[in-house]
Amino acid sequence: MKGIDVLISALGMLKHMRNDWVCWIVGDGEKREELVRQAAGLSLQEEVAFLGERRDIPALLLQSDIFVHSCIQDNQPFAVMEAQLAGLPACVSNAGGLPEMVEHGVTGLISPVRDSLTLAQHLNLLLANDEFRHALGRNAAQWAQEHWSMDLMISRLLGAYARAAASL
């Protein structure tokens, strides 16, 4: 469950705090029209762009300042790994394994599941404080290199194969 409705609600609140931002929502699904209506109901047509399915996620991340994953239930999403590798601070919910991926105040900010107000406040904080936002992004990139780098992933995979082969 992606929780995009939580993000849109937070953006509706954020619009009353500041107007110097845009949000790209990537992906597609059966709830898209409902989410577009929700955004329109909050007068977010200028601020929120629904980009649909994309194959250039790394390029989009490099053009971004903040990554948001306001899901209701998730374990270890690849999207958060990609954002961290791109050096973005992540605003995530405390669902599933997300708090194990993001350290609050160090590599990103964590809000309770379905808490649009806290998410809006976190977004406002990051947009208002470039130095803090950049520090979280640098920390996220460093953490990602230590946990999600391709070399590390391949090494772990080869180790798992070796252990499996040794037990045969």
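The structure we're discussing is the one just above.
Residues numbered from 1 in each chain as written. Predicted model: local features only at pLDDT ≥ 70, side-chain atom pairs only at ≥ 80, totals over all residues. Heavy atoms only, no water.

Student: How do you make sense of the sheet that holds strand β3 (residues 67-69) when you look at a structure like this?
Tutor: The strands making up a sheet associate through hydrogen bonds between their backbones, and the pairing can be parallel or antiparallel. The parallel open sheet is built from 3 strands, whose spatial order is β3-β4-β5. Since the sheet does not close on itself, it has two edges, and those belong to β3 and β5 (108-111), each with one partner. Neighbour-to-neighbour, the strand axes of the sheet open up by a mean angle of 15°, direction not taken into account. The pairing of strand β4 (residues 90-93) with β5 spans 4 bridges and is classified as parallel. Across the sheet, residue Cys91 finds its bridge partner in β5, namely Leu109. Contacting β3, β4 and β5, helix α6 (residues 116-128) crosses the sheet at an angle of about 165° to β5. (Pairing = 2+ DSSP bridges. Helix = DSSP H or I, 4+ residues; strand = E, 2+ residues; numbered from the N terminus. Axes fitted to C-alpha atoms, helices over the stretch in contact; angles between N-to-C directions. Contact = heavy atoms within 4.5 Å.)

Student: What is the right way to look at the packing of helix α1 (residues 4-17) against helix α2 (residues 32-41) in this model?
Tutor: Two packed helices can be described by the angle between their axes and the distance between those axes. For the pair α1 and α2, the least separation of the axes is 9 Å and the interaxial angle reads 10°. Taken as axis vectors, α1 and α2 run roughly parallel relative to one another. Where α1 abuts α2, its residues Ile4, Asp5, Ile8 and Ser9 lie against Leu35, Gln38 and Ala39. Looking at side-chain class alone, the contact of α1 with α2 contains 4 nonpolar, 2 polar and 1 charged residues. (Parallel < 35°, antiparallel > 145°, perpendicular 65-115°, else oblique. Nonpolar A, V, L, I, M, F, W, Y, C, P; charged D, E, K, R; others polar.)

Student: How should I be thinking about empty space enclosed by the protein in this particular structure?
Tutor: The rolling of a water-molecule-sized probe over the atoms marks out the regions of remaining empty space. Summed over the entire model, instances satisfying the criterion amount to 1 cavity of 30 Å³ or more. By volume, the largest cavity is sized at about 30 Å³. Every residue along the wall of the largest cavity is listed here: Val6, Ser70, Ser93, Ser111, Pro112, Arg114, Asp115 and Leu119. Among the residues making up the lining of the largest cavity, the classes are represented as 3 nonpolar, 3 polar and 2 charged. (1 Å grid on protein atoms, 1.4 Å probe; cavity = no way out; pocket = protein on both sides within 12 Å on 5 of 7 lines; lining within 4 Å. Points joined across faces, edges and corners; volume = space filled by probe spheres on them.)

Student: Would you take a moment to explain the packing of aromatic side chains for this structure?
Tutor: Aromatic ring pairs are reported here in terms of the distance separating the ring centres and the angle at which the planes meet. This structure, assessed with the given rule, holds 1 aromatic pair. Ring centres of Trp143 and Trp148 lie 5.4 Å apart, and the angle between their planes is 65°; this geometry places the pair in the edge-to-face category. (Phe/Tyr/Trp six-rings, centres within 6.5 Å; stacked < 30°, edge-to-face > 60°.)

Function-wise, these values are silent; they only describe arrangement.
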